[in-house]
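Understanding the architecture of this molecule
Below are the chains, spelled out letter by letter.
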Amino acid sequence: MCGFLAQYNVDEPVDPGALDSLLALSRKRGPDDTQSLILNPRTWFGFNRLAIQDLSEAGRQPMTSRNGDVTVVFNGEVYNHLELRRQLGRVEWNGHSDTETIVECISAWGFGATVERLDGMFAIVCHVKSEDVLYGARDFAGIKPFFYGWDGSRFVVASQYNQVVRHPAYAGKNVDPAVLRLCLEQHFMPAPFGLHCDTAQLEPGQILEIRDGRLTKTRYWDLPGFVEPTVKDRRKAYECVAAELDRSVEAEMISDVPLGSFLSGGIDSALVLAIAVEALGAPRVRTVMMPSAYTADISWIDAREMAEGLGVRHDEIPIATMFKAFKTGLAPFFAGLAEDATEENIQARIRGTLLMALSNKTGAIVLTTGNNSEMATGYCTLYGDMAGGFAVIKDVAK
């Protein structure tokens, strides 16, 4: 995930000690490395890193451009960064991270022109020393969080909202009753709102700029209008979608750590596995099946045969014992009640917990197997089909 924290003041100096303490709040987002940098007395950047691309020192953040003018903290992944490197031309690269690509592109093209070229999910904070300007940007879908506080002289931005509201400048701010009502109605806090006064979120598809003590926001992306389809033939349309899916998935699966897929024996997980193997190669992909008393024999057999046919490592972790422990613990509270979807959901959560443990321990990324139709209708569960770090077929209908 990664997590950043930054402060930019118009006049007064920052307090690095207070910021170091706040940065620790997002340590779980980036357990691989922590680093902070004082850019000038009024500007401080900090970052907790979960290393996915370029695991070396060359991938550390905050990162400064070769000419020393641009410094960035960036949470997310840019899928077309290798193409951007080719467009940029001759640069003596220190490593192969997308962060370095972003920094050097901003140095060459400017912040806005760079953001418009990015294909990915991201939240970026950037300081340009020659202009003494702070920039921020959020991906078009708002996948990556971008919380901030601004009181006209102090700007604090973070990947987590609690880092903003615990900052001394905002710790005493009152809750905004209108936003509280909205949160209770919507069950979450939508952008651009912040629950406390003087706090907010950058909206998806927006760029933020603080120049000469004034904060402005502009939109670099908006939902396109209806486009009349140019392909009428169903077979041709299918081939176009399949080709675009392959291109998109291959671009989004750039990683220097292994990838793991939950294999159930069904169509969705089999498709995810096949795409992963084609994009990355069998040695970098691992499958896991977690059978229970409800698992059909055909699912078990199909999962094994699929993994064997593609030449990937396949592990099986039976969850019957763990499931029985849950049922035993809940038996006094479920007395007289028939088994239903509750028991099935318990299994999903057991599997999600085990996937989390395997991912954390081995450093592998879990590939989610939920598709577009399931996401839209609520069929997926947070700890079941949606468990993972990347949804390969999230844009594909059932």
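Residues numbered from 1 in each chain as written. Predicted model: local features only at pLDDT ≥ 70, side-chain atom pairs only at ≥ 80, totals over all residues. Heavy atoms only, no water.

**What about the overall build of the protein?**
If you tally the helices and strands in the protein, you get 12 helices and 17 strands. Residue burial in the protein is summarised as follows: out of 398 residues, 46% are buried. Within the protein, contacts between residues separated by at least 24 positions form 63% of all contacts whose residues are at least 6 apart in sequence. When the accessible area of the protein is evaluated, it comes to approximately 20,000 Å², of which 55% is carbon and sulfur surface. (Helix = DSSP H or I, 4+ residues; strand = E, 2+ residues; numbered from the N terminus. Buried < 20%, exposed > 50% of the residue type's maximum accessible area, 1.4 Å probe, protein only. Contact = heavy atoms within 4.5 Å. Areas by Shrake-Rupley, 256 points an atom, 1.4 Å probe, with all protein chains shown as cover.)

**Observations regarding the packing of aromatic side chains**
With the rule as written, the count across this model stands at 7 aromatic pairs. Taken together, Phe4, Phe146, Tyr148, Trp150 and Phe155 form an aromatic cluster joined through their ring pairs. Here Arg117 stacks its cationic end above the ring of Trp109, 4.0 Å away from the centre of that ring. (Phe/Tyr/Trp six-rings, centres within 6.5 Å; stacked < 30°, edge-to-face > 60°. Lys NZ or Arg CZ within 6 Å of the ring centre and 35° of its normal.)

**Considering the pattern of salt bridges**
Here the structure, examined in full by the defined rule, presents 14 salt bridges. In this structure, Glu316 engages Arg304 in a salt bridge whose closest nitrogen and oxygen atoms are separated by 2.6 Å. Linking Glu316 in strand S15 (residues 313-316) with Arg304 in helix H9 (residues 297-310), this pair joins segments that are 12 residues apart in sequence. Of the residues examined, Glu316 reaches a relative accessible area of 27% and is grouped as partly exposed. What you see here is one network of salt bridges that share partners, running through Glu131, Glu209 and Arg211. (Salt bridge = Lys/Arg side-chain N within 4 Å of Asp/Glu carboxyl O.)

**Side note on unusual backbone geometry**
Each neighbour pair has its own omega, and for Gln61 with Pro62 the value is 0°, a cis peptide bond. With respect to the helices and strands, the residue Pro62 is situated in the loop between strand S3 (43-49) and strand S4 (63-64). At the junction of Ala191 and Pro192, the peptide bond is cis and its omega measures out at 15° in the coordinates. Secondary-structure assignment places Pro192 in the loop between helix H6 (177-186) and strand S10 (199-201). For His187, which is not glycine, the phi torsion reads 65° and is therefore positive. Along the polypeptide, His187 turns up in the loop between H6 and S10.

**Notes on the packing of helix H8 (residues 267-280) against H9**
Two elements in contact, H8 and H9, have axes separated by 11 Å at closest approach and are oriented at 10°. Taken together, H8 and H9 sit at an angle that is classed as roughly parallel. From H8, Ala270, Leu273, Ala274 and Val277 reach across to H9, where they touch Met306, Ala307 and Leu310. For the contact of H8 with H9, the residue count by class is 7 nonpolar, no polar and no charged. (Axes fitted to C-alpha atoms, helices over the stretch in contact; angles between N-to-C directions. Parallel < 35°, antiparallel > 145°, perpendicular 65-115°, else oblique. Nonpolar A, V, L, I, M, F, W, Y, C, P; charged D, E, K, R; others polar.)

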